[in-house]
Amino acid sequence: MTNLFSGRGAEFFLYMAGTVWYNTYDRPPLRSNRRAESRGRESAFPPGRDARRCASRGALKIKEAFFMRKFSVRDLTLAAMVAALYAVMGCFANIFGWTFGPVQFRFAEALTVLPFLFPAAAPGLAVGCFLTNLLSPYGALDWLFGTLATAIAAWLTMKAPKWYLAALPPILVNALILSPMWAWTDIGAVNAAFWAACGWNFITFIPGEGLVCYALGTLLLKLMPRIDVLKPALRPGAQTPAA
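As the structure is a prediction and not an experimental result, all values here were calculated from the model.

Colleague: Please set out the overall build of the protein residue by residue, giving values where relevant.
Modeller: Within the protein, the secondary structure is distributed over 8 helices and 0 strands. Counting from the amino terminus, the protein carries its helices and strands in the arrangement α-α-α-α-α-α-α-α. Counting over 243 residues, the protein shows a buried share of 41%. Taking all contacts inside the protein whose residues are at least 6 apart in sequence as the whole, residues at least 24 apart take part in 67%. Accessible area for the protein stands at about 13800 Å²; split by element, carbon and sulfur atoms hold 68% of it.

Right, here's the structure in full:
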């Protein structure tokens, strides 16, 4: 596990992710007059050399998108502001005991819709979540999985096609990743009680997270594009809720 993202582990991860990327964004559409053999080569996971070629192409695009992207001073400033605001809001909610656990009302999660409008906000959310989770009673598990869930949700929100879908990734990704973490902390073993706790945690987490992301998050989606100083950072063509 320690070498999962190094050496062969990283190569395997990029191979699989690259294949998915290729088939999602780069694979050319099939023509109706192609023979069955051609369709086999254009399948979701094409065999042999074609698979390595398409996976390498997709892995290169992933590297370019996440590791080679150049951030402007404006992007870095916006990311830092989001990180600081998330941490402050998360710590404030912790005063009332609303920041951690299966039943929570973390105000800062309203900011998780921002990558839909401002892609530069995504890394800021991950950093802010990590800083907030340093106070978590779940310790290193929450530092890792809580931050990972926020980072994945931010990336998916950034790719959302419609504004009303922007809040779904933080709700679902957090519920799917954090519910087992809480269950493991309580049960300490993978058994029937663990899976029952996972289901219960999932059910109890959704209402609070959904209320924050959709009620407060939608308000942010309406107001943020009206702030003149933020308009240059808006994603081109980003849809916003009707006034």
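From this point on, the discussion continues.
Colleague: Can you tell me about the nonpolar core, naming the residues and giving the values?
Modeller: Nonpolar side chains in soluble globular proteins tend to end up buried together. Counting residues in hydrophobic clusters, the biggest one holds 25 residues, and the most contacted among them are Leu78, Leu114 and Phe118. Every element with two or more residues in this core is listed here: helix H4 (73-95), helix H5 (121-133) and helix H8 (192-223). In terms of residues, this core owes the most to one element, H5, which gives 4 residues. When residues no more than four places from it in sequence are discounted, the contact partners of Phe118 are Leu78, Met224, Leu230, Ala233 and Leu234.

Colleague: Give me the packing of H4 against H5: which residues, what numbers.
Modeller: Taken N-terminus to C-terminus, the directions of H4 and H5 make an angle of 30°; their axes are 7 Å apart at the nearest point. By the criterion of interaxial angle, the relationship of H4 to H5 is roughly parallel. For H4 against H5, the interelement crossing comes out right-handed. Between H4 and H5, the contacting residues are Ala79, Val82, Ala83, Tyr86, Ala87 and Gly90 on the first element and Ala121, Pro123, Gly124, Leu125, Val127, Gly128, Cys129, Leu131 and Thr132 on the second. Of the residues assigned to the contact of H4 with H5, the class counts are 11 nonpolar, 4 polar and no charged.

Colleague: Kindly report on H8, identifying the contributing residues and their values.
Modeller: Taking 1.5 Å per residue as the helical rise, H8 with its 32 residues ought to reach 46 Å, and the 46 Å between its terminal C-alpha atoms agrees with that figure. The largest bend in H8 is about 30°, located at Ile206, with the proline Pro207 one to four residues further on. At the N-terminal boundary of H8, the capping side chain belongs to Asn191, with an oxygen 3.1 Å from the backbone nitrogen of Ala193.

Colleague: Describe the packing of aromatic side chains, listing the residues and the values that go with them.
Modeller: One pass over the full model with this rule turns up 9 aromatic pairs. Here Phe92 and Phe96 contribute two aromatic rings whose centre-to-centre distance is 5.3 Å and whose plane-to-plane angle is 75°, an arrangement assigned as edge-to-face. Overall, the relative accessible area of 45% leaves Phe92 in the partly exposed class. Among the residues examined, Phe96 registers a relative accessible area of 44% and is labelled partly exposed. Relative to Phe205, the ring of Trp182 lies with its centre 5.5 Å away and its plane at 50°, an arrangement referred to as tilted. In this pair, Trp182 sits in helix H7 (residues 168-187) while Phe205 sits in helix H8, placing the two residues 23 residues apart along the sequence.

Colleague: Give a description of the pattern of salt bridges that names residues and reports values.
Modeller: In total, this model carries 1 salt bridge according to the counting rule given. For Lys231, the salt bridge goes to Asp228, with nearest N and O atoms at 3.2 Å. Lys231 gets classed as partly exposed once you look at its relative accessible area, which sits at 42%.

Colleague: Please set out a nonpolar patch on the surface residue by residue, giving values where relevant.
Modeller: The grouping of Val127, Phe130, Leu131, Leu134 and Trp143 at the surface amounts to a nonpolar patch, some 410 Å² of accessible area in total. No other element matches the 3 residues that H5 contributes to the nonpolar patch. For Trp143, a relative accessible area of 34% gives the class partly exposed.

Colleague: Please give an account of the environment of Leu176 that cites residues and values.
Modeller: Position of Leu176 among the secondary structure elements: in helix H7. Along the sequence, Leu176 and Asn201 sit 25 residues apart, while their C-alpha atoms lie 9.5 Å from each other.

Colleague: Run through the packing of helix H6 (residues 140-158) against H7, naming residues and quoting values.
Modeller: Close contact between H6 and H7 brings their axes to 8 Å; oriented N to C, the two are set at 165°. One way to sum up the angle between H6 and H7 is to call them roughly antiparallel. Crossing hand, H6 versus H7: right-handed. Contacts between H6 and H7 pair Leu141, Asp142, Phe145, Gly146, Ala149, Thr150, Ile152, Ala153, Leu156 and Thr157 from the former with Pro169, Pro170, Val173, Asn174, Ile177, Leu178, Met181, Trp184 and Thr185 from the latter. Partitioning the contact of H6 with H7 into residue classes produces 13 nonpolar, 5 polar and 1 charged.

Thresholds, definitions, all that
- All residue numbers refer to position in the chain's written sequence, counted from 1.
- pLDDT decides what is reported in this predicted model: residues at 70 or higher carry local features, side-chain atom pairs at 80 or more are listed and counted, and totals for whole chains, interfaces and linings draw on all residues regardless.
- Side-chain metrics rest on all non-hydrogen atoms present in the structure, leaving aside hydrogens and water.
- Secondary structure elements are taken from DSSP: a helix is a run of H or I of four residues or more, a strand is a run of E of two residues or more, and numbering for both begins at the N terminus.
- Categorising residues by exposure relies on relative accessible area from a 1.4 Å probe, with only protein chains included: less than 20% of the type maximum marks a residue as buried, more than 50% marks it as exposed, and the intermediate range marks it as partly exposed.
- Two residues form a contact once any of their heavy atoms are found within 4.5 Å.
- Only the protein chains shown count as cover for residues, and the accessible areas themselves come from Shrake-Rupley with a 1.4 Å probe.
- Among buried residues, those of type Ala, Val, Leu, Ile, Met, Phe, Trp, Tyr and Cys that are joined through side-chain atoms within 4.5 Å constitute a nonpolar core.
- An axis is simply a line fitted to the C-alpha atoms; with a helix, the fit covers only the stretch in contact. Between two such axes, the angle follows the N-to-C directions and lies from 0 to 180 degrees.
- Throughout, the term roughly parallel applies to angles under 35 degrees, roughly antiparallel to angles over 145, roughly perpendicular to angles from 65 to 115, and oblique to all others.
- Two helices that cross are described as forming a left-handed crossing if the nearer one is turned anticlockwise from the farther one by less than a right angle, and a right-handed crossing if clockwise.
- The classification used treats Ala, Val, Leu, Ile, Met, Phe, Trp, Tyr, Cys and Pro as nonpolar, Asp, Glu, Lys and Arg as charged, and all other residues, Gly among them, as polar.
- Here the expected span of a helix is defined as 1.5 Å times the quantity of residues minus one.
- What is called the bend at a residue is the angle between a pair of axes, fitted to the seven residues leading up to and ending at it and to the seven starting from it.
- A 3.5 Å cut-off defines polar contacts: any pair of N or O atoms within that distance qualifies, except that in protein one atom must be a possible hydrogen donor and the other a possible acceptor, and neighbouring residues in sequence count only when both atoms are side-chain atoms.
- Aromatic rings from Phe, Tyr and Trp, taking only the six-membered ring of Trp, are treated as a pair when their centres fall within 6.5 Å; an angle between ring planes under 30 degrees marks them as stacked, one over 60 as edge-to-face, and anything in between as tilted.
- Put simply, a salt bridge is a Lys or Arg side-chain nitrogen that is within 4 Å of an Asp or Glu carboxyl oxygen.
- Here the term patch refers to residues with relative accessible area over 30% and no salt bridge, with like charges joined within 9 Å and nonpolar side chains (Val, Leu, Ile, Met, Phe, Trp, Tyr) within 5 Å.

Purely geometric numbers; function is a separate question.
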